[in-house]
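Survey of secondary and tertiary structure
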Amino acid sequence: MGYTGDVTVAGPSDLRVLDEVEVRKLAVGPSGNNAYLLTCRRSGAQLLVDAAAEPDRLLELVREGSSTARLDLVVTTHRHLDHVGALASIGAASGAQLAAGAPDADAISEATGTTVSRPLHDGDTIVLGHLTLEVVALRGHTPGSVTLVYREPEHASAPGAVPGRAHLFTGDSLFPGGVGSTSDDPERFAQLYADVTTRLFDRYDDATWVYPGHGADTTLGAERPHLDEWRERGW
């Protein structure tokens, strides 16, 4: 059975195998957070998106991708506590570098008692083995929320691959059905809506896959028809 992205807390991870990368998705913690493990198929380098909760299960996920439990980098998509509950434990156990959007980095370090040593900015690139990911800042849910973008190569030929397709790891900035919470603050909503539309929907096509911080995956094509509706309702 191919990748569906449908995972549940206490359930197994789901695995997507592409030409260059393996993507594993796992649901953890009382808030049902999604954690994602990206494994470079050529080098074995690994990146974890959101060490949210349940460090033992996250370390099992890391070992699913690497028999030596290699973990090079942990990227935290934003500073909210449900996304950082296992960060200190995973950092200590793995020795991985910790990264987050620059405006959220100090708050994450303070909340977790560890050090975010790599602040991320819009347009930065992350090299993971033979993979390159782009950082896109999406302000509004928090000041330092970031999305990671991986694009399949033009020569992609693995089962289910789409040459050139982008994959977005959006944290809590974009979900099926709308953008993330902005606490009924019109200015924050306007900022997040503007960033999501100009930095995601205007740049990437309908085949673009979205991996959110909670719940099911989606695509930009599934969400694009509803952009005006989101703007009008204000959330």
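Below is a summary of the structure that appears in this document. Predicted model, so just to flag it, every value in this text is computed and none were measured.

On to the overall build of the protein chain, then. A count of helices and strands for the protein chain gives 6 helices and 15 strands. Its C-alpha atoms give the protein chain a radius of gyration of 16 Å, near enough to 18 Å, the size a compact globule of 235 residues would have. Expressed as lengths along the three principal axes of its C-alpha atoms, the size of the protein chain is roughly 50 × 45 × 35 Å. Going through the 235 residues of the protein chain one by one, you find that 54% of them count as buried. Within the protein chain, contacts between residues at least 6 apart in sequence are counted, and of these 55% link residues at least 24 apart. For the protein chain, the accessible surface area stands at approximately 9800 Å², while carbon and sulfur atoms represent 49% of it. Put simply, the protein chain has 19 plus and 33 minus side-chain charges, and the middle of one group is 4 Å from the middle of the other.

So, about the packing of helix H1 (residues 55–65) against helix H2 (residues 87–94). Between H1 and H2, the shortest axis-to-axis distance is 9 Å and the interhelical angle comes to 45 degrees. On the basis of their axis angle, the class for H1 and H2 is oblique. Considering the relative orientation of H1 and H2, their crossing is right-handed. Facing Pro55, Leu58 and Leu59 of H1, the residues of H2 in contact are Ser89, Ile90 and Ala93. Residue classes in the contact of H1 with H2 are distributed as 5 nonpolar, 1 polar and no charged.

Once that is clear, we can look at the environment of Asp82. Looking at the secondary structure, you find Asp82 in the loop between strand E5 (73–76) and H2. Look at Asp82 and you get partly exposed, because its relative accessible area is 26%. Spatially, the C-alpha atom of Asp82 lies 6.9 Å from that of Ser31, the residues being 51 residues apart in sequence. Excluding anything up to four places from it in sequence, Asp82 contacts Ser31, Asn33, Ala52 and His214. Reaching out from Asp82, the side chain makes a polar contact with the side chain of His214 at a distance of 3.3 Å.

Basis of the calculations
Residues numbered from 1 in each chain as written. Predicted model: local features only at pLDDT ≥ 70, side-chain atom pairs only at ≥ 80, totals over all residues. Heavy atoms only, no water. Helix = DSSP H or I, 4+ residues; strand = E, 2+ residues; numbered from the N terminus. Rg over C-alpha atoms; globule rule 2.2 N^0.38 Å. Buried < 20%, exposed > 50% of the residue type's maximum accessible area, 1.4 Å probe, protein only. Contact = heavy atoms within 4.5 Å. Areas by Shrake-Rupley, 256 points an atom, 1.4 Å probe, with all protein chains shown as cover. Lys, Arg positive; Asp, Glu negative; His and termini not counted. Charge placed at Lys NZ, Arg CZ, Asp CG, Glu CD. Axes fitted to C-alpha atoms, helices over the stretch in contact; angles between N-to-C directions. Parallel < 35°, antiparallel > 145°, perpendicular 65-115°, else oblique. Left-handed = near helix turned anticlockwise from the far one by under 90°. Nonpolar A, V, L, I, M, F, W, Y, C, P; charged D, E, K, R; others polar. Polar contact = N/O pair within 3.5 Å; in protein donor to acceptor, adjacent residues only side chain to side chain.

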